[in-house]
Amino acid sequence: MNGLSFSEVCCLFCCPPCPSRIAAKLAFLPPEPTYTFLPEPEAGPPAPAAPRCRGNVEGRWKLHLTERAEFQYSQRELDTIEVLLTRSSRGNKIGCMYIRCVPNARFTVLFSHGNAVDLGQMSSFYIGLGTRINCNIFSYDYSGYGVSSGKPTEKNLYADIDAAWHALRTRYGISPESIILYGQSIGTVPTVDLASRYECAAVVLHSPLTSGMRVAFPDTKKTYCFDAFPNIEKVSKITSPVLIIHGTEDEVIDFSHGLALFERCPKAVEPLWVEGAGHNDIELYSQYLERLRRFIGQEVAAHHA
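Residues numbered from 1 in each chain as written. Predicted model: local features only at pLDDT ≥ 70, side-chain atom pairs only at ≥ 80, totals over all residues. Heavy atoms only, no water.

A.B. asks: I keep staring at the nonpolar core and nothing clicks. Help me out?
C.D. replies: Judged by nonpolar contacts, the single largest core of 43 residues is most densely connected at Leu110, Phe138, Leu181 and Phe229. For this core, the secondary structure elements donating two or more residues are β4 (93–99), β6 (136–140), α5 (154–171), β7 (179–184), α6 (188–195), β8 (202–206) and β9 (242–247). A domain split of this core shows at least three residues from each of domain 1 (17–39 + 57–105 + 139–169) and domain 2 (175–304). Not counting residues within four places of it along the chain, the set of residues in contact with Leu181 comprises Leu110, Trp165, Thr191, Leu194, Ala195, Cys200, Ala202, Val203 and Val204. Within the second largest apolar cluster, 41 residues are counted, among which are Ile81, Ile180, Leu289 and Phe295. (Core = buried A, V, L, I, M, F, W, Y, C linked by side-chain atoms within 4.5 Å. Buried < 20%, exposed > 50% of the residue type's maximum accessible area, 1.4 Å probe, protein only. Helix = DSSP H or I, 4+ residues; strand = E, 2+ residues; numbered from the N terminus. Domains from an automatic or database assignment. Contact = heavy atoms within 4.5 Å.)

A.B. asks: What is the right way to look at helix α4 (residues 119–133) in this model?
C.D. replies: Because an α-helix completes one turn every 3.6 residues, residues spaced three or four positions apart along the sequence face the same direction. For α4, with 15 residues, the first-to-last C-alpha span of 19 Å sits near the 21 Å given by 1.5 Å per residue. For α4, the principal kink sits at Phe125 and spans about 30°. Of all 15 residues that make up α4, 11 are buried, and the element is covered over most of its length. Those residues of α4 that fall on the buried side of the exposure criterion are Leu119, Gly120, Met122, Ser123, Ser124, Tyr126, Ile127, Gly128, Leu129, Gly130 and Ile133. For α4, the N-terminal cap is Asp118; the gap from its side-chain oxygen to the backbone nitrogen of Gly120 is 3.1 Å. After α4 finishes, the residue Asn134 shows a positive phi value of roughly 60°. (Expected span 1.5 Å × (residues − 1). Bend = angle between axes of the 7 residues up to and from the residue. Polar contact = N/O pair within 3.5 Å; in protein donor to acceptor, adjacent residues only side chain to side chain.)

A.B. asks: How should the pairing of strand β3 (residues 81–87) be read in this particular structure?
C.D. replies: Counting buried residues in β3 gives five out of seven residues, a clear majority hidden from the surface. Counting the residues that bridge the hairpin from β3 to β4 gives five residues, and of these Gly91 lies at a positive phi of roughly 90°. (Pairing = 2+ DSSP bridges.)

A.B. asks: What is the right way to look at the packing of aromatic side chains in this model?
C.D. replies: Here the distance between the centres and the angle between the planes together describe a pair of aromatic rings. Going through the model one piece at a time under the given rule, you end up with 15 aromatic pairs. Members of the aromatic cluster, joined through ring pairs, are Phe111, Phe125, Tyr126 and Tyr182. (Phe/Tyr/Trp six-rings, centres within 6.5 Å; stacked < 30°, edge-to-face > 60°.)

Spatial relationships are all this shows, so hold off on functional conclusions.
Next up, the structure:
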């Protein structure tokens, strides 16, 4: 999230604001796209049509990454990435990415990324993460990010993850008990919303926020009607196991947000508080992968045994 001057904050919250204005000012920094989807030429007779998902967008696509994506692997890994377009209930085309990281993976992670990156920039991280935690990865770009159409708004966030969830379930036949919802930073907002409405294998909240107002005004104690991203009001409705990860020195979303969500969430497991970590470097600490492996390989697996 980008920093705001005091006058900008006053203007936001005293006008009075509407949630979409708060969301736009506090959260969304879509980068210049680091990838495109190229139409895949048809070879030979037409293949059988893939199962249709809600809002399915026709066509077969191939991922093309620009240099700005800084892809760290070879063509072999790139070939494991399948991309598709689906359509949200709000009419936007949503770019999705499915990475088969390991054969016969028991779980697929539906990953909602942070606010200043797109699928191209995240692709290398997804391959590395999935390989190390023994999961496949499915991700999507929010409206207005990458190849996704429309503009990033709070309502679009919820529709975007719904479209991704239905594409993963319908196109790939992945059942809810095999899906782990993972949200990072602003990505915890659609993740919490979806997890509060659907049961899944598990939920991971990485550097989560309690609400937009509480980020801008740390002393905020209640949720106002014009607040955006009210995770704190939804997290108690999650029925799946929840792992919360937060750095104690987070300079963007204070560590207190992770603590507050942990206290409010009845399904929370032992959290991971990364001593000394900030907002964007938790993945560099060894306990990050260790805790994820234990959560997915032992706790979640036992929960669904």
